[in-house]
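Coordinate analysis (summary)
Read off the chains here:
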Amino acid sequence: MTEMTKILVIDDQIGMRKSLSILLKKEGFHADTAENGEQAIDYLKKSSYDLVITDMKMSPGTGLDILYYVRERHPQTDVIIMTGYGTVDSAVLAMKMGAFDYIPKPFNNEEILHRVRKSMNHLEIVKDMPSFQKRTGAENNKIPILGISAAIKEIVAVVQKISKTDISVLITGETGTGKSLIAKTIHSLSRRANKPFISINCASVPENLLESELFGHERGAFTGALLERKGLFEAAEGGSILLDEIGSMPLSMQAKLLDVLQEQEIRRIGSNKSKAIDVRVIAATNSDLNRAIDTGAFRSDLYYRIKVGHIHMPPLREHTEDIPFLAKHFLESAMGKLDKTDMRFSPEALDFLQNYKFPGNVRELANAISGAVTVSEGNIISDQDLALTLTSSLFEMQKYPEDDTQPGSLEEWEKEIIIESIKKNAGNLTKVCSELKIGRTTLWRKMKKYNLQ
Ligand SMILES: Nc1ncnc2c1ncn2[C@@H]1O[C@H](COP(=O)(O)OP(=O)(O)O)[C@@H](O)[C@H]1O
Ligand SMILES: [Mg+2]
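1. Remarks on the nonpolar core
A general tendency of soluble globular proteins is for nonpolar side chains to be buried together. Formed by 40 residues in total, the largest nonpolar core has its most connected members in I171, I186, F233, I241, L243, I282 and A283. Of all hydrophobic cores here, the second largest spans 28 residues; its members include L20, A34, L44 and I53.

2. Some remarks on helix α6 (residues 150–163)
Spanning 14 residues, α6 covers 20 Å between terminal C-alpha atoms, matching the ideal 20 Å at 1.5 Å per step. Of the positions making up α6, those classed as buried are I152, I155, V156, V159, I162 and S163. Buried residues of α6, seen end-on, are gathered within an arc of 130° and therefore sit on one face of the element. For α6, exposure combined with an orientation more than 90 degrees from the buried face picks out A150, E154, A157 and K161. Of the surrounding secondary structure, the elements contacted by the buried residues of α6 are β6 (169–172), α7 (179–189) and β14 (309–312).

3. Brief notes about the site of ligand 1
Neighbouring ligand 1 are 16 residues; L146, G178, K179, S180 and V362 lie closest to it. Where the shell around ligand 1 is concerned, the elements lending two or more residues are α7 and α15 (361–375). Of the residues that constitute the shell around ligand 1, the class distribution is 7 nonpolar, 7 polar and 2 charged. Inspection of the shell around ligand 1 shows a minimum of three residues originating in each of domain 2 (150–314) and domain 3 (317–449).

4. Structural notes on the sheet that holds strand β5 (residues 101–104)
With respect to topology, 5 strands assemble into an open sheet ordered β2-β1-β3-β4-β5, the strand pairing being parallel. One side of each edge strand has no neighbouring strand; the edge strands of this open sheet are β2 (30–34) and β5. The sheet shows a mean angle of 20° between the axes of neighbouring strands, direction not considered. Pairing of strand β1 (residues 6–10) with strand β3 (residues 51–55) involves 4 bridges; the strand directions are parallel. Across the sheet, I10 pairs through a bridge with T54, a residue of β3. Against the sheet, helix α2 (residues 37–46) touches β1, β2 and β3, its axis set at about 140° to β2. In this fold helix α3 (residues 63–73) packs onto β1, β3 and β4 (78–83), with an angle of close to 160° to the strand it touches most, β3.

5. Regarding the pairing of β4
With 6 of 6 residues buried, β4 lies mostly within the body of the structure. Residue alternation in β4 divides its side chains into two sets, D78, I80 and M82 and V79, I81 and T83, and both sets are buried. Two elements, β3 and β4, share 5 bridges in a ladder whose sense is parallel. Bridge assignment links V52 to a residue of β4, and that residue is V79.

6. With respect to the environment of S252
Residue placement: S252 occurs in helix α10 (residues 251–263). For S252, a count of 11 C-beta atoms within 10 Å puts it in the exposed group. In this structure the C-alpha to C-alpha distance between S252 and E211, which are 41 residues apart in sequence, comes to 9.5 Å.

7. Regarding the confidence of the model for the protein chain
Per-residue pLDDT for the protein chain averages 85, and the proportion of residues at 70 or more is 89%. Mean pLDDT values for the elements of the protein chain range from 48 in helix α17 (residues 392–399) up to 98 in strand β13 (residues 280–285). Overall, residues 128–141 carries pLDDT values under 50, and its contacts beyond four positions in sequence, including any with other chains, amount to 33 contacts. Throughout residues 399–407 the model reports pLDDT below 50, and contacts reaching past four residues in sequence, or to other chains, amount to 3 contacts.

8. Thoughts on the packing of α2 against α3
Where α2 contacts α3, the two axes come as close as 9 Å, and the packing angle between them is 20°. As judged from the angle between their axes, α2 and α3 are roughly parallel. By crossing handedness, the relation of α2 to α3 is classed as right-handed. Together, G37, A40, I41 and L44 of α2 and D65, I66, Y69 and V70 of α3 make up the contact between the two elements. Taken together, the residues of the contact of α2 with α3 sort by class into 6 nonpolar, 1 polar and 1 charged.

9. What about the packing of helix α13 (residues 323–338) against α15?
At a minimum axis separation of 9 Å, α13 and α15 run at an interaxial angle of 45°. Taken together, α13 and α15 sit at an angle that is classed as oblique. Once α13 is placed against α15, the crossing between them reads as right-handed. Contact residues: I323, L326, A327, F330, L331, A334, M335 and L338 in α13; V362, L365, A366, I369, S370, V373 and T374 in α15. By residue class, the composition of the contact of α13 with α15 is 13 nonpolar, 2 polar and no charged.

10. Quick look at the sheet that holds β13
Strand order in the open sheet formed by 5 strands is β7-β10-β13-β6-β14, with parallel pairing between adjacent strands. Each edge of the sheet is formed by a strand with only one pairing partner; in this case those strands are β7 (197–201) and β14. For this sheet, the mean inter-axis angle between neighbouring strands, taken without regard to orientation, is 15°. As defined by bridge partners, β7 adjoins strand β10 (residues 240–244) across 5 bridges and the pair is classed as parallel. Within β10, the residue paired with N201 across the bridge is D244.

11. Points about the environment of T83
For T83, the location among the structural elements is in strand β4. Sequence separation of T83 and M56 is 27 residues, and the distance between their C-alpha atoms is 5.9 Å.

12. A short note on unusual backbone geometry
Residue P60 is bonded to the preceding S59 through a cis peptide linkage, with omega at -5°. Counting through the fold element by element, P60 comes out in the loop between β3 and α3. Phi at F358 is positive, roughly 45°, even though this residue is not glycine. Looking at where F358 falls in the secondary structure, it is placed in the loop between α14 (347–355) and α15.

Thresholds applied
Residues numbered from 1 in each chain as written. Chains lettered and ligands numbered in written order. Predicted model: local features only at pLDDT ≥ 70, side-chain atom pairs only at ≥ 80, totals over all residues. Core = buried A, V, L, I, M, F, W, Y, C linked by C-beta atoms within 7 Å. Buried ≥ 20, exposed ≤ 12 C-beta atoms within 10 Å, placed from the backbone. Helix = DSSP H or I, 4+ residues; strand = E, 2+ residues; numbered from the N terminus. Expected span 1.5 Å × (residues − 1). Arc of directions from axis to C-beta. Contact = placed C-beta atoms within 7 Å. Near = placed C-beta within 6 Å. Nonpolar A, V, L, I, M, F, W, Y, C, P; charged D, E, K, R; others polar. Domains from an automatic or database assignment. Pairing = 2+ DSSP bridges. Axes fitted to C-alpha atoms, helices over the stretch in contact; angles between N-to-C directions. pLDDT = per-residue confidence, 0-100. Parallel < 35°, antiparallel > 145°, perpendicular 65-115°, else oblique. Left-handed = near helix turned anticlockwise from the far one by under 90°.

Given below as structure tokens:
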């Protein structure tokens, strides 16, 4: 490690503080000491530490206070808790709150140094690790958003910031780029993590049911409303709700949603009473809301209300440097699930992954790999194995271009593929959906877009 590793030691017993700090300095670390939580927090405000080693019982400011403070403000800092006799319960609590480790007193030099080194290794991995899989928040959470590209790193940093606030967030990007993953991550890093995260796809709920789905209804509110029903906003109380494909929300619902967001209260259909709600709203869309605003299909006031925070997910073809990394990750997870070991990609397969356009983005990459692991018989995954699960004609077109003209735009490809599949399945759209691995609404939308009957 080039920079000196900084450690803060906190204990109310001067003997413990002194001996630990001497030991750590002898090992080449920089060590500061504090005698209670309050003093420690003063240090932590002035300077950042790689590691905090703290006693549990002190006053003012206990070990748990420090842990809480560090997890909130310095998620990269590890905390080791020293526990005296009879404080094992709080050690367990501390681990649950995201302490890196604990050590029962009394301990010898080697025991504590071992834990310190373990933390150093871990910190170095964390610092170098492109995935930013750091433990943050009160919950020992990992950030599951992987990538080494500047784009993904920037997104992870924004996610970390936004998750500490309560603002509404709009996540835009093509399908499969990780919008839902981002929304879940924001929730799980937020103070709402222990409360529900509820996701609804606005495009898949028929217009007349959406209001009742979101806000609930009283018994007898409309024909068929035999029982009262709690809406998703109520179900998400204290937590977060993801309004997915918000671009498909009908205008009438948009007006109601705007009211709810402004008033922070909902009214069930058929009720004249409002109920206060505390729900964080995250919205996602793969459509261009600005265009929808121009055409009058989306309310601009709602747009600005949900877009207080904005995260745009780039398509995978714009951060191809993440492909090898993601591919390796999906390979490992597929091997784990299928109980296979030692599999790897052939050079052609890697080459193919690097050059394929991935219209379905990260989702398509993940599916292609888990499909390939399933079908592949030996240890080597070939490009043909990968092709099996990809929209096959797209693979063919990319791999064996028909002529030497430039390949067409993605949209032309997509249109071709849909036409081909409709023909092949004699117009059976259910089969088309399952062959192309897309949902009905998506297929409908695309058919409309390309004027296909
Ligand atoms: N950067 C990433 N790191 C790891 N997994 C990812 C990443 N981006 C997307 N994924 C995975 O790809 C799949 C599709 O992502 P998802 O969030 O459902 O996309 P979207 O909501 O934009 O359609 C999910 O399995 C998700 O976990
Ligand atoms: Mg999604």
